[in-house]
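Reading the structure
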Amino acid sequence: MQLLVTNSPFSEEQIQHLNVLLPTLSEAQIQWLSGYLAFYRTGIAPINLNSAVATPVQEAPAAQPVITIPKEATIIFGSQTGNSQRLAGRLSEKLKAIGFDITLSAMNKFKPNDLKKAVNLFVLVSTHGEGDPPDNAISFYDFLNSKRAPKLDSLKYSVLALGDTSYEFFCKTGQDFDEKLQQLGAERLTDRVDCDVDFEEAASGWIDAVVNNIQATTAVVATTENANSITPSNSEQSEYTRNRPFQAELLESINLNGRGSDRETRHLEISLEGSGISYEPGDAVGIVPHNNPQLVQELIAAFSWTNSAPITNKEGITSTIEEALTTQYEITVLSKNLLEKLAPFATTSKFTELLADATAVKEYVKGRDLLDLVRDYGPLSLQPSDVPTTLRKIPARLYSIASSIKAHPEEVHLTIRKVQYEAHGRARDGVCSVYVSERLEVGDQVSVFVQSNPNFKLPTNADAPVIMIGPGTGVAPFRSFLEEREETGVGGKTWLFYGDRHYVTDFLYQTDWQRMLADGVLTKLEVAFSRDMKEKVYVLHRLLEHAAELYTWLEEGAYIYICGDEKYMAHDVHAALIQIVKQERNVSEEEAVAYIAQLQEEERYLRDVY
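Residues numbered from 1 in each chain as written. Predicted model: local features only at pLDDT ≥ 70, side-chain atom pairs only at ≥ 80, totals over all residues. Heavy atoms only, no water.

**Comments concerning the overall build of the protein**
Counting its secondary structure elements, the protein contains 23 helices and 21 strands. Considering only residue pairs separated by 6 or more positions, the protein has 76% of its internal contacts joining residues 24 or more positions apart. By element, 50% of the accessible surface of the protein is carried by carbon and sulfur atoms, the whole surface being about 29,600 Å². (Helix = DSSP H or I, 4+ residues; strand = E, 2+ residues; numbered from the N terminus. Contact = heavy atoms within 4.5 Å. Areas by Shrake-Rupley, 256 points an atom, 1.4 Å probe, with all protein chains shown as cover.)

What follows is the structure in structure tokens.
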């Protein structure tokens, strides 16, 4: 087969070379060359052709046009707040652009039996709580760790793990998946990457590595149109993120607690004017806070630095160490990971001895900060120039949105409780809660971005009953839910369970709930104020009191939403729901657990917990 010159982009000399080469190639060589060229167009040649071992040329018939068979990849994600899901979508688009057929699925929607059919599997998963899988990953996690899990000798895979180094079980769920897949015989295509809260750079590196590695091992030819789509779209580039937040104006800051309360809960109204940012009920806003200036000064003094010492961050921006520690770097949380990074700067043997004792490290880092470490185990020889490679960026704090954009165009409302306490002989502040309540004033700029949470949304069926359980600031997203329903005029029964300490001083958004009850937007409201009665009463007690009616709502197709503290409240509420099902269905504990698990599988039991 001769290559015709007509309309060819090749020179005559190049065509002569191709016409000499192509008829001599075997089918295997043609397929290999196709894969090579697909990878070569990325700008990184996978192999030096001059050093390649030649394969004996087989006499072959005239070369036939190459027909590229679509390749397949399965991408599954486990996500509590949506980060893993967004990254999975990004990987999906890049693989589609180079000719792959993609199966993209949440873990709870993925059929376990399809695992045996997968050729390339990519797992993106966060770690929640104390090393636990997120809600929509539990069933698949349990399957993979059961005796039903199949042998996966023909599977290639890779894992992206999301986590937070300030927690003891950093990225444990992703590590568990990686280890189990290897035990089942699967072959790692790309090494696992463990991401901290500032995950963008590491996650992008993993995605690029996956694309390059799978391209190098398969014969996939990208069309020019698809190849160009590998570049992030303009909309993706213009999106406000943790690394590029929107500078928003604070319009209002109101203390929702009454006079005499021992709590301070701020209702913030933030302008999104000019940003193009939108959101849905159930989403969250990330705030990038500033550290307490007093703590910064004490830390600089402890290191014997000067406020004006210059520091250049990883992005090449130079500032003073005072400004950098105030606005860029985390100084309020210790972790084993941080202690290991600081070990080369230790000047005393007691620091080395601490690091050698895993139990002692685990105990020491709880509730302490960098200033504690310098005072207890210093001095440290750390210099301002070492900070960018030693300390991580200040993590953004995520808060459930408390408004509907339909009710408040170009605004977003948040509900933030001020956190202050004493520990280890020192007063401690919640970094963001004290920043917004004490140092952020109306008219100031605050760094924000919206984080979509696809796992905490109102039912698509507007007539479905909705049960909302949100003590304290956990009630925030339900204000958003009900405002949205109020604006859209949809039907469907709604039932809110709310709790706090005192009725008179701590009933957040009381007038909103009363108005919504009067207007019929809110069907039922149950409250529990724990300190107003001799015996403490919490929302779980109100749930149990209304067990029969609540179960009737569930049988009618109701959705349950829980927002708030995971360790205590959400755990107790979960146990109460199991008890209600057990009692009202007259079934065993095991059957009641299965009933609640089924609600989770059907996405009728959704949690936004922290």
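That shown, we press on.
**Re the packing of aromatic side chains**
The description of an aromatic ring pair uses the distance of the two centres, along with the angle that the planes make with each other. Here the structure, examined in full by the defined rule, presents 23 aromatic pairs. Taking the centre distance of 4.3 Å and the plane angle of 5° together, the rings of Phe303 and Trp305 count as stacked. Relative accessible area serves as the criterion here: at 10%, Trp305 is assigned to the buried category. Lys524 extends its terminal NZ or CZ atom over the ring of Trp495, reaching a point 5.0 Å from the ring centre. (Phe/Tyr/Trp six-rings, centres within 6.5 Å; stacked < 30°, edge-to-face > 60°. Buried < 20%, exposed > 50% of the residue type's maximum accessible area, 1.4 Å probe, protein only. Lys NZ or Arg CZ within 6 Å of the ring centre and 35° of its normal.)

**Examining the layout of surface pockets**
Roughly 850 Å³ of volume is contained in the second largest pocket. Along its surface, the second largest pocket is lined by 29 residues, and Arg263, Arg417, Gly472, Asp500 and Asp565 are the ones closest to its centre. Among the elements of the structure, strand 14 (420–423), strand 18 (494–500), helix 20 (539–545) and helix 22 (566–585) are those that each provide at least two residues to the lining of the second largest pocket. Broken down by element, the lining of the second largest pocket gets its largest block of residues, four residues, from helix 22. Grouping the constituent residues of the lining of the second largest pocket by class yields twelve nonpolar, seven polar and ten charged. (1 Å grid on protein atoms, 1.4 Å probe; cavity = no way out; pocket = protein on both sides within 12 Å on 5 of 7 lines; lining within 4 Å. Points joined across faces, edges and corners; volume = space filled by probe spheres on them. Nonpolar A, V, L, I, M, F, W, Y, C, P; charged D, E, K, R; others polar.)

**Description of the packing of helix 3 (residues 83–97) against helix 6 (residues 200–216)**
For the pair helix 3 and helix 6, interaxial distance at closest approach is 10 Å and the crossing angle is 30°. Relative to helix 6, the element helix 3 is oriented roughly parallel. Between helix 3 and helix 6 the crossing geometry is right-handed. Between helix 3, through Leu87, Arg90, Leu91, Lys94 and Leu95, and helix 6, the contact on the second element is made entirely by Glu200, Ala203, Ser204, Trp206, Ile207, Asp208, Val210, Val211 and Ile214. Of the residues belonging to the contact of helix 3 with helix 6, the class tally is nine nonpolar, one polar and four charged. (Axes fitted to C-alpha atoms, helices over the stretch in contact; angles between N-to-C directions. Parallel < 35°, antiparallel > 145°, perpendicular 65-115°, else oblique. Left-handed = near helix turned anticlockwise from the far one by under 90°.)

**Digging into the side chain of Ser79**
Here Ser79 shows up in the loop between strand 1 (71–78) and helix 3. With a relative accessible area of 3%, Ser79 lands in the buried category. A distance of 3.4 Å separates a polar side-chain atom of Ser79 from the backbone nitrogen of Asn83. Excluding residues that lie within four positions of it along the chain, Ser79 makes contacts with Ser84, Gln85, Ser126, Pro134, Asn136 and Asn455. (Polar contact = N/O pair within 3.5 Å; in protein donor to acceptor, adjacent residues only side chain to side chain.)

**A few points about the nonpolar core**
Counting 32 residues, the largest nonpolar core has Leu325, Leu342 and Leu373 as the members making the most contacts within it. In terms of residue count, helix 14 (residues 370–377) provides more of this core than any other element does, five residues in total. Not counting the four nearest positions on each side in its chain, Leu325 is found in contact with Asn291, Val296, Leu299, Ile300, Trp305, Ile331 and Leu391. Listed in part, the 28 residues of the second largest apolar core include Ala547, Val587, Ala592 and Val609. (Core = buried A, V, L, I, M, F, W, Y, C linked by side-chain atoms within 4.5 Å.)

**What to know about the packing of helix 22 against helix 23 (residues 589–601)**
The N-to-C vectors of helix 22 and helix 23 enclose an angle of 115°; their axes lie 8 Å apart at closest approach. At the point where helix 22 passes helix 23, the crossing takes the right-handed sense. Seen from helix 22, the contacting residues are His574, Leu577, Ile578, Val581, Lys582 and Arg585; seen from helix 23, they are Glu589, Ala592, Val593, Tyr595 and Ile596. Each residue belonging to the contact of helix 22 with helix 23 can be placed in one class, and the counts come to seven nonpolar, one polar and three charged.

**Details of the sheet that holds strand 21 (residues 605–609)**
Two modes of strand pairing occur in sheets, parallel and antiparallel, and in both the strands are linked by backbone hydrogen bonds. If you trace the five strands from one edge of the open sheet to the other, you get 19-18-17-20-21, paired in parallel fashion. With one partner strand each, in any of the chains shown, strand 19 (524–529) and strand 21 form the two edges of the open sheet. The sheet shows a mean angle of 10° between the axes of neighbouring strands, direction not considered. Of the pairings in the sheet, the one linking strand 18 to strand 19 comprises six bridges and is parallel in character. The residue of strand 19 that forms the bridge with Trp495 is Lys524. Of the strands in this sheet, strand 17 (466–469), strand 20 (559–564) and strand 21 touch helix 22, which is tilted by about 155° from strand 20. (Pairing = 2+ DSSP bridges.)

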